[in-house]
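# Structural features, examined
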Amino acid sequence: MTDFRREASAILAELEAMRALDAPTHGGRVLSYVYDSGLVELDELAAGAARLVQPVNGLDPTTFTSVAAMEAGVVGFARRVLGGAGDDEIVGSVTSGGTESCLLAVKSARDLWRSLRAGTPRVPRIVAPVTVHAAFHKAAEYFGLELDLVPVDPGTGVVSVAAIEERLGDDVALVVVSAPSYPFAALDPIADVAAITGPRGIALHVDACIGGFALAFWPDELPAWNLSVPGVTSLSADLHKYGYAPKGVSVLLTRGRDRQRFQYFATTAWPGYPVVNPTLTGSKPAGPLAAAWAIIEALGEDGFTELTAQTARATEALREVVDGIEGLKVVGVPTGPLFAVATDESVAVDRRVDPHHWADAARAAGWHLQLQPGLTQADGTRLPHTTHLTVTPVTEAVVGQLSTALVAAADAVRGVPPVDGQLLVAGLAETLPGGLEGLAAASAGLDSAGAAGLLRAFGLLGGAASDDEAAGADGALPDRLAPVLALVGALPPQLTERLLVELLARVVEPSSTPDRG
């Protein structure tokens, strides 16, 4: 028998100690990233299902036929509840998450567009509201498309159908709309957009990654938003969100087999086995798929309806709480189990509440809300900086405690002005060689050492490590995030993105401490 270097119990104890430093994934104290059903038995079922297929390689469903059976079951459920019931022309794939689903939707649309316009030198465009998920920015960069972003109403986050129609042309490979958008939970006018893209033969993707499996069972009547709308050609929805499965598992549904086949990659141009991949990965775990399949089998539509009702009640209660807090307001008319909160500028300045200070105060009390920066749109209008809340079924059990904490947090920071990002940048620039001009110039050609130096100057990397020393644990963010988001909004975007890359890269670098012998 192998003589392992360390006892399993010691390894697991160390992992448990590391997990203790994480934000809590259960109990409703984190209102982003995690989707807690509140049902311990559902988590245990998912873990058991994943364990059963742990050695299985999802690469080849002809060898591991359980993969084919589970994927057919999951796609069939998704098709049924997302507006495609009874339509055999709607097919789909299980992916590793929303980003992969969105990437594949873009790839399919691009390749179909190319096939219809052989030899054209033009670069195809994606037309989408500025609130579209960042995954489409990534897809445009990866697949060589131009992302044409349409401004939205700053008060509601909703895009105008006329504004989308103005952007349409024969170089548009795909239009994307959200159900709902992540930043403001705005439900885009999907049926109206489909009415202008369909007759033009332009593909229309509905990004329902965050809300799809909640809206499918939402207790309120909603405008048509899913595959029941004839002009919708594809739709993505994440099972690791309101399907309550572990990360990462999503579904991409496509109208028409021929359209969906553009999603695939296949080659026999090497001496190994024929490679046929419906998704971006080759070898892939079957665990998340198995967990999602098991949860669907256990809950059924009645179970999803019940959990969604809990979520809807908690969402309504929290929106009412925010509506009752002087100095804050819910942005627009959000749809589904999420919403954004901004400063209510209709009240006196000394009675306003900055949403980022509010989130920091709530975090100090043990509640994790998500800070979102403001954004100036191409037409010059400004989207407000906000705080985002994602509500899950477990939230209903803690809505009283959370409401009290949100009111107390607002009271603690009412009248405190927002962090002035420009002033903060100017002050920090004075400590750097070259001042503001040098800071602006740093956007181009900034190497790792230079980026780390700026991060330390901004207080985002601890210690005074040498340039060739890994940051390791020094990469932790400060306790107050409002100044960090103010910097994000004030620095040139290219510089901000470069610094964030450096920060995240250094957070996961190994320390210089020798490994255990």
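Since this is a predicted model, take the numbers as computed values, not measurements.

## A short note on the overall build of the protein
Looking only at helices and strands, one finds 17 helices and 15 strands in the protein. Overall size of the protein, expressed as C-alpha extent along the three principal axes, is 70 × 60 × 55 Å. Each of the 517 residues in the protein was classed as buried or not, and the buried ones make up 49%. Relative to all contacts within the protein whose residues are 6 or more apart in sequence, the contacts with residues 24 or more apart total 70%.

## Looking at the side chain of Arg414
If you trace the backbone, Arg414 turns up in the loop between helix H12 (395-413) and helix H13 (421-429). Of note is the side chain of Arg414, whose polar atom sits 2.8 Å from the side chain of Asp411. Once residues within four sequence positions are removed from consideration, Arg414 is found in contact with Ile325, Glu326, Asp350, Arg351, Arg352 and Val353.

## Looking at helix H4 (residues 98-116)
Here H4 contains 19 residues, and its C-alpha end-to-end distance of 27 Å stays within 8% of the 27 Å for a straight helix at 1.5 Å per residue. Where burial is concerned, most of H4 is hidden: 15 out of the 19 residues are buried.

## Focus on the sheet that holds strand S2 (residues 125-129)
Within the open sheet, the 7 strands sit side by side as S1-S7-S6-S5-S4-S2-S3. Their pairing is mixed. Edge positions in the sheet fall to strand S1 (90-95) and strand S3 (146-150), since each has one partner strand and no second. Pairs of neighbouring strands in the sheet enclose a mean axial angle of 20 degrees, with direction left out of account. As judged from the 5 bridges shared by strand S6 (residues 234-238) and strand S7 (residues 250-255), these two strands associate in the antiparallel manner. Paired with Ala237 across the strands is Val251, a residue of S7. Where helix H3 (residues 65-84) meets the sheet, its contacts fall on S1, S6 and S7, and the angle it forms with S1 comes to roughly 125 degrees.

## Here's the deal with a negative patch on the surface
A contiguous patch of negative charge on the surface is contributed by Asp220, Glu316, Glu320 and Asp323. The residue Asp220 is located in the loop between helix H8 (212-215) and S6 in this model.

## Regarding the sheet that holds strand S15 (residues 386-390)
Pairing within the open sheet is antiparallel, and its 4 strands lie in the order S10-S11-S15-S12. At either margin of the open sheet sits one strand with a lone partner, and together these are strand S10 (328-330) and strand S12 (370-372). Adjacent strand axes in the sheet meet at a mean angle of 30 degrees, parallel and antiparallel pairs treated alike. With respect to the sheet, helix H10 (residues 287-323) is in contact with S10 and strand S11 (338-343), its orientation differing from that of S11 by roughly 5 degrees.

## Regarding a nonpolar patch on the surface
Taken together, the side chains of Leu12, Leu15 and Met18 define a hydrophobic patch exposed on the protein surface, amounting to about 300 Å² of accessible area. Here Met18 is to be found in helix H1 (residues 8-19).

## Some thoughts on the packing of aromatic side chains
One pass over the full model with this rule turns up 7 aromatic pairs. Ring centres 6.2 Å apart and planes at 85 degrees place the aromatic pair Tyr242 and Tyr244 in the edge-to-face group. Taking the relative accessible area as the measure of exposure, Tyr244 reaches 5% and is therefore buried. Centre to centre, the rings of Tyr244 and Phe304 are 6.2 Å apart; their planes meet at 25 degrees, and the pair counts as stacked. Of the two residues, Tyr244 is situated in the loop between S6 and S7 and Phe304 in helix H10; the sequence distance between them amounts to 60 residues. Accessibility expressed as a relative area gives 0% for Phe304, which makes it buried.

## Focus: the pattern of salt bridges
All chains considered together, the criterion is met by 19 salt bridges. For Arg19, the salt bridge identified is with Asp22, shortest N-O distance 2.7 Å. Owing to a relative accessible area of 40%, Arg19 belongs among the partly exposed residues under this scheme. For Asp22, a relative accessible area of 41% corresponds to the partly exposed category. Residue Asp111 pairs with Lys107 through a salt bridge whose shortest N-O separation is 2.8 Å. One end of the pair, Asp111, and the other, Lys107, are both in helix H4, 4 residues apart, so they sit about a helical turn from each other. Residues joined in a network through salt bridges with shared partners are Arg125, Asp148, Arg167 and Asp171.

## Let's talk about the packing of H10 against H12
The geometry of H10 relative to H12 is characterised by a closest axis approach of 10 Å and an angle of 10 degrees between their N-to-C directions. By the angle between their directions, the pair H10 and H12 is classed as roughly parallel. Two secondary-structure elements touch here, H10 through Gln310, Arg313, Ala314, Ala317, Leu318 and Val321 and H12 through Thr395, Glu396, Val399, Leu402, Ser403, Leu406 and Val407. A breakdown of the residues in the contact of H10 with H12 according to their chemical character gives 8 nonpolar, 3 polar and 2 charged.

## Digging into the pairing of strand S4 (residues 172-178)
Looking along a regular strand, one sees side chains alternate from face to face of the sheet. Among the 7 residues in S4, 7 count as buried, and that is most of the element. With 3 bridges joining them, S2 and S4 adopt parallel strand pairing. Across the sheet, the residue bridging to Ile126 is Leu174, located in S4. For S4 and strand S5 (residues 203-207), the ladder comprises 5 bridges, and the chain directions are parallel. Bridge pairing in S5 places Ser178 opposite Asp207.

## Quick look at the packing of helix H11 (residues 355-364) against H12
As a packed pair, H11 and H12 sit with axes 8 Å apart at the nearest point and diverge in direction by 125 degrees. As far as their axial angle goes, H12 and H11 are oblique. Relative to H12, the crossing made by H11 is right-handed. Contact residues: H11 offers His357, Trp358, Ala361 and Ala362, while H12 offers Leu406, Ala409, Ala410 and Val413. Among the residues forming the contact of H11 with H12, the class breakdown is 7 nonpolar, 1 polar and no charged.

## Some points on the side chain of His357
The residue His357 is located in helix H11 in this model. Here the side chain of His357 touches Pro417 through a polar contact of 2.9 Å, landing on its backbone oxygen. For His357, the contacting residues outside a window of four places in its chain are Val413, Val416, Pro417, Pro418, Val419, Arg480 and Ala482.

## Looking at the environment of Leu82
Residue placement: Leu82 occurs in helix H3. The exposure class assigned to Leu82 is buried, which follows from its relative accessible area of 0%. Residues Leu82 and Phe217, spaced 135 residues apart in sequence, show a C-alpha to C-alpha distance of 9.5 Å.

Definitions and limits used
- Along each chain, the written sequence defines residue order, and numbers are assigned to residues from 1.
- For this predicted model, a pLDDT threshold of at least 70 governs which residues receive local features, and a threshold of 80 or more governs which side-chain atom pairs are given and counted, while totals over whole chains, interfaces and linings are taken from all residues.
- Where side-chain values are given, they derive from all heavy atoms of the structure, hydrogens and water being excluded.
- A run of H or I in DSSP counts as a helix once it spans at least four residues, and a run of E counts as a strand once it spans at least two, with each numbered from the N terminus.
- Each residue gets one of three labels from its accessible area relative to the maximum for its type: buried under 20%, exposed over 50%, partly exposed in between, using a 1.4 Å probe on protein chains only.
- What makes two residues a contact is simply this: any of their non-hydrogen atoms within 4.5 Å.
- Polar contact is defined as a pair of N or O atoms within 3.5 Å, subject to the rule that within protein one atom must be able to donate a hydrogen and the other to accept it, and that residues adjacent in sequence are counted only when both atoms are side-chain atoms.
- Here a helix's expected span is defined as the number of its residues, less one, multiplied by 1.5 Å.
- At least two bridges found by DSSP between two strands is the condition for calling them paired.
- To obtain each axis, a line is fitted to C-alpha atoms, and for helices this fit is confined to the stretch in contact; angles are then taken between N-to-C directions over 0 to 180 degrees.
- What goes into a patch is any residue over 30% in relative accessible area without a salt bridge, connected to like charges within 9 Å or, for nonpolar side chains (Val, Leu, Ile, Met, Phe, Trp, Tyr), within 5 Å.
- Computed with a 1.4 Å probe, the accessible areas rest on the Shrake-Rupley method; for each residue, only the protein chains presented here act as cover.
- For this document, the term salt bridge refers to a Lys or Arg side-chain nitrogen within 4 Å of an Asp or Glu carboxyl oxygen.
- Counted as positive: Lys and Arg. Counted as negative: Asp and Glu. His and the chain ends are not counted at all.
- Positions of charges follow a simple convention, taking NZ of Lys, CZ of Arg, CG of Asp or CD of Glu.
- The aromatic pairing rule takes the rings of Phe, Tyr and Trp, using the six-membered ring of Trp, and pairs them if the centres are within 6.5 Å, calling planes under 30 degrees apart stacked, those over 60 edge-to-face and the rest tilted.
- An angle below 35 degrees is read as roughly parallel, one above 145 as roughly antiparallel, one from 65 to 115 as roughly perpendicular, and any other as oblique.
- All amino acids are sorted into three groups, where Ala, Val, Leu, Ile, Met, Phe, Trp, Tyr, Cys and Pro are nonpolar, Asp, Glu, Lys and Arg are charged, and the leftover types, Gly among them, are polar.
- Put simply, a crossing is left-handed when the front helix is turned counterclockwise from the back one by less than a right angle, and right-handed when it is turned clockwise.

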